[in-house]
Amino acid sequence: MPGFGIRRRRDFRALIRRVREWTMIAKGVAHTSHPVLAHIIPTRRCNLACEYCNEYDSFSPPVPTQTLLNRIDHLAALGTSIISFSGGEPLLHPDLDVLIRRIRSHGRIAGMITNGFALNVERIQRLNAAGLDHMQISIDNVMPDKVSMKSLKTLDPRLVMLSDHALFHVNINSVVGGGIRNPADALTVSNRAVELGFSSTVGIIHDHEGQLQPLSDEEQGIYIQLKNKGKKNYARLNFFQDNVARGVENHWKCRAGARYLYVCEDGLVHYCSQQRGFPAIPLEKYTVEDIRREFLTVKGCAPKCTIACVHYTSYMDFWRAPQTISAPPQTSEANQLVQIGGVRK
Ligand code: SF4
Ligand code: SF4
């Protein structure tokens, strides 16, 4: 149980953060030619090796700090509202605090997605001091297995530390699909998250192109149970996932490359983690013209897409501008190019 002082400071920060977020949403609705969210990769290396993951390696060094600071400055100059670290495992970057401070110095919202294994009290306090706004931890199962080590059993002590010391918002994402052995684990994870005072979401694991793989009957049953818990347990669900869970396509306008940017470790802008290779333009050369073009570009992979963060950032423009520009085909060839180290220039 966190002390009274921590709870007061956390509540105060949450209040300020909400004001900043509402300002950001108002700006996002008013103007379309800036990104709402960018994910940047401070290192491709990860300390785990989840069986379903295609976003990590075991050897890449951290991207040099000055290079990342320059990327953050460029994203801020483009008007990006939220800059969030992904990976690989972002906590393996030794200067993550310096990077978070730079995001906050531009007045932007700073977030990160982590497996949480490198957390300890001292690291949490450093993240507090740097001004981190949001942290998301994905937990795949209750007991570790060969598919994933991101288990509640392993992570629970770190979750307690976060509950006691973190001043930033923490969201725990549980998952169904993708070979996770016991779908009911998602319920246990969600309940524990709420018990510790965190928000809780559920994700559906996608294939290696970010595309939907229909859930089994048992997985659909768990998904419906999580959905029915609704506000009672604060388990938030992404409404597009109702269709994803049933194997039904969604009809929406993916604004990747415009409202959402994925900046890889080489500094190239891609549509998302699962469609690397397009448009693959160096961030320092990415301009408002690129944003305007991609805003209007059809993404052929949209109907079966499960990438929640891009759905969220695209929905604020659902009523705007039909997409009229044809995109290059998104095929497995594009991903293979990335995975063997090739890039489309
Ligand atoms: S912890 Fe995350 S980045 Fe690392 S292997 Fe697992 S899913 Fe991939
Ligand atoms: S629809 Fe958009 S977010 Fe989804 S896989 Fe395609 S490019 Fe990525």
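The following paragraphs examine the structure supplied in this document. This one's a predicted model, so the numbers in the text were calculated from it and none came from an experiment.

What counts, and at which threshold
- Residues numbered from 1 in each chain as written.
- Chains lettered and ligands numbered in written order.
- Predicted model: local features only at pLDDT ≥ 70, side-chain atom pairs only at ≥ 80, totals over all residues.
- Heavy atoms only, no water.
- Near = heavy atom within 4 Å.
- Nonpolar A, V, L, I, M, F, W, Y, C, P; charged D, E, K, R; others polar.
- Phe/Tyr/Trp six-rings, centres within 6.5 Å; stacked < 30°, edge-to-face > 60°.
- Helix = DSSP H or I, 4+ residues; strand = E, 2+ residues; numbered from the N terminus.
- Buried < 20%, exposed > 50% of the residue type's maximum accessible area, 1.4 Å probe, protein only.
- Lys NZ or Arg CZ within 6 Å of the ring centre and 35° of its normal.
- Axes fitted to C-alpha atoms, helices over the stretch in contact; angles between N-to-C directions.
- Parallel < 35°, antiparallel > 145°, perpendicular 65-115°, else oblique.
- Left-handed = near helix turned anticlockwise from the far one by under 90°.
- Contact = heavy atoms within 4.5 Å.
- Pairing = 2+ DSSP bridges.
- Right-handed = clockwise from strand over helix to strand, strands pointing away.
- Core = buried A, V, L, I, M, F, W, Y, C linked by side-chain atoms within 4.5 Å.

Regarding the site of ligand 1
Working step 1: Around ligand 1 sit Cys46, Leu48, Ala49, Cys50, Cys53, Tyr56, Gly88, Asn115 and Lys150, and that is every residue in its neighbourhood.
Working step 2: Its residues placed into classes, the shell around ligand 1 shows 6 nonpolar, 2 polar and 1 charged.

Observations regarding the packing of aromatic side chains
Working step 1: Under the definition given, this model contains 2 aromatic pairs.
Working step 2: Centre to centre, the rings of tryptophan 252 and tyrosine 315 are 6.4 Å apart; their planes meet at 75°, and the pair counts as edge-to-face. Of this pair, tryptophan 252 sits in the loop between helix H8 (240–246) and strand S8 (260–263) while tyrosine 315 sits in helix H10 (residues 308–315), and the two are 63 residues apart along the sequence. Like tryptophan 252, the residue tyrosine 315 is buried in the burial classification.
Working step 3: Here the basic side chain of arginine 158 rests over the ring of phenylalanine 117, its NZ or CZ set 5.3 Å away from the ring centre.

Focus on unusual backbone geometry
Working step 1: Of the consecutive residues glycine 87 and glycine 88, the connecting peptide bond is found in the cis state with omega at 5°.
Working step 2: Within the fold, glycine 88 resides in the loop between strand S2 (82–85) and helix H3 (96–105).
Working step 3: The omega angle of the peptide bond from phenylalanine 278 to proline 279 is -15°, so this bond is cis rather than trans.
Working step 4: For alanine 280, which is not glycine, the phi dihedral falls at a positive 55°.
Working step 5: Tracing the backbone through its elements, the reader meets alanine 280 in strand S10 (residues 279–282).
Working step 6: Among the residues examined, alanine 280 registers a relative accessible area of 2% and is labelled buried.

Considerations on the packing of helix H4 (residues 121–130) against helix H5 (residues 152–165)
Working step 1: One way to put it is that H4 packs onto H5 with a least axis distance of 10 Å and a crossing angle of 40°. As the angle between them shows, H4 and H5 are arranged oblique. Note that H4 runs across H5; the crossing there is right-handed. Mapping the contact onto sequence places Val121, Ile124, Gln125 and Asn128 in H4 and Met161, Leu162 and His165 in H5.
Working step 2: Of the residues that constitute the contact of H4 with H5, the class distribution is 4 nonpolar, 3 polar and no charged.

Examining the pairing of strand S4 (residues 134–139)
Working step 1: Note that strand S3 (residues 109–114) and S4 share 4 bridges and pair parallel. Paired with glycine 111 across the strands is histidine 134, a residue of S4.
Working step 2: This β-α-β element, S3 to H4 to S4, shows right-handed connectivity.
Working step 3: When S4 meets strand S5 (residues 169–176), the two strands line up parallel, connected through 6 bridges. Counterpart to glutamine 136 in the pairing with S5 is asparagine 171.
Working step 4: Between S4 and its parallel partner S5, the chain crosses via H5, and the hand of that crossover is right-handed.

Let's talk about the pairing of S8
Working step 1: Neither face of S8 is open: one carries Tyr260 and Tyr262, the other Leu261 and Val263, and all of them are buried.
Working step 2: Summarising the sheet, strand S1 (residues 37–40) and S8 pair through 4 bridges and their orientation is parallel. Across the sheet, histidine 39 pairs through a bridge with tyrosine 262, a residue of S8.
Working step 3: Pairing geometry for S8 and strand S9 (residues 268–270), over 2 bridges, is antiparallel. Paired with valine 263 across the strands is valine 269, a residue of S9.
Working step 4: Once S8 ends, the chain turns through 4 residues before running back antiparallel as S9, passing glycine 267 with a positive phi of about 85°.

Some remarks on the nonpolar core
Working step 1: Formed by 49 residues in total, the largest nonpolar core has its most connected members in Leu127 and Leu162.
Working step 2: Among all residues touching leucine 127, those that are not within four sequence positions of it are Leu91, Leu96, Asp97, Ile100, Met112, Leu119, Leu132, Met135 and Phe168.
Working step 3: Formed by 29 residues, the second largest nonpolar core is a distinct cluster that contains Leu37, Ile204, Val244 and Phe278.

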